[in-house]
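# Tertiary structure, described
Given next are the chains, with one letter for each unit.
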Amino acid sequence: MTRIDVQRADPALVLATFVVTVTDDDGSSTTHEVRIDPDAVRIAECFSSPRAFVLACFGFLLEREPKESILRSFDASAIGRYFPNWQEELGGP
């Protein structure tokens, strides 16, 4: 089972930045930096916390591609460039 660990990178930043580590059963892992940019704030507000939003984003991405294919650093709204219906599929506006 894949484990997703989400930690806030710097609480002092106005826009949330998270470090996400994805670890598979075989012990292999990848690390990613995700920013909740202004274009993603509206959908992020539909979740109980920014961390929950980032966790949902990674669950969504991992259903569609291996962890190694996920960008190492990106703004959450960039998901829409690759998966146009991502907001609806996550339950956002």
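Scope of this entry: the structure provided in the associated data block. These figures come from a predicted structure and were not determined experimentally.

Our next topic: helix H2 (residues 50–62). The terminal C-alpha atoms of H2 lie 18 Å apart, and with 13 residues this matches the ideal 18 Å at 1.5 Å per residue to within 8%. Among the residues of H2, Phe-53, Val-54, Cys-57, Phe-58, Phe-60 and Leu-61 are the ones counted as buried. Each buried residue of H2 lies within a common arc of 155° when the element is viewed along its axis, so the set occupies one face.

Another aspect to go through is the packing of aromatic side chains. Enumeration according to the criterion identifies four aromatic pairs in this entry. For the ring pair Phe-47 and Phe-53, a centre distance of 5.6 Å and an interplane angle of 55° mean the geometry is tilted. The exposure class assigned to Phe-47 is partly exposed, which follows from its relative accessible area of 22%. A residue is classified by how much of its surface remains accessible, and Phe-53, at 0% relative accessible area, is buried. Summarising the aromatic geometry, the rings of Phe-60 and Phe-83 are spaced 5.5 Å apart at their centres and angled 90° between planes, so their arrangement reads as edge-to-face. Of this pair, Phe-60 sits in helix H2 while Phe-83 sits in the loop between helix H3 (79–82) and helix H4 (86–90), and the two are 23 residues apart along the sequence. Taken together, the aromatic side chains of Phe-47, Phe-53 and Trp-86 make up a single cluster linked through ring pairs. Sitting over the ring of Phe-60, Arg-64 keeps its end group 3.6 Å from the ring centre.

What counts, and where the lines are drawn
- Positions within a chain are numbered from 1, following the residues in the order the chain's sequence is written.
- Whole-chain, interface and lining totals are the exception, using all residues; otherwise, since this is a predicted model, local features are given only for residues with pLDDT of at least 70 and side-chain atom pairs are given and counted only at 80 or more.
- Derived side-chain values reflect all non-hydrogen atoms in the structure, with water molecules and hydrogen atoms excluded from consideration.
- Labels follow the DSSP assignment, with helices taken as runs of H or I lasting at least four residues and strands as runs of E lasting at least two, numbered in each case from the N terminus.
- Here a helix's expected span is defined as the number of its residues, less one, multiplied by 1.5 Å.
- Each residue is placed in one exposure class: buried if its accessible area under a 1.4 Å probe, protein chains only, is under 20% of its type's maximum, exposed if it is over 50%, and partly exposed if it falls in between.
- Throughout, the arc means that of the directions going from the helix axis to the C-beta atoms.
- Put simply, two rings from Phe, Tyr or Trp (the six-membered ring, in Trp's case) pair if the centres are within 6.5 Å, and we call them stacked under 30 degrees between planes, edge-to-face over 60, tilted for the rest.
- In this analysis the charged atom, NZ for Lys or CZ for Arg, is taken to sit over a ring once it is within 6 Å of the ring centre and within 35 degrees of the ring normal.

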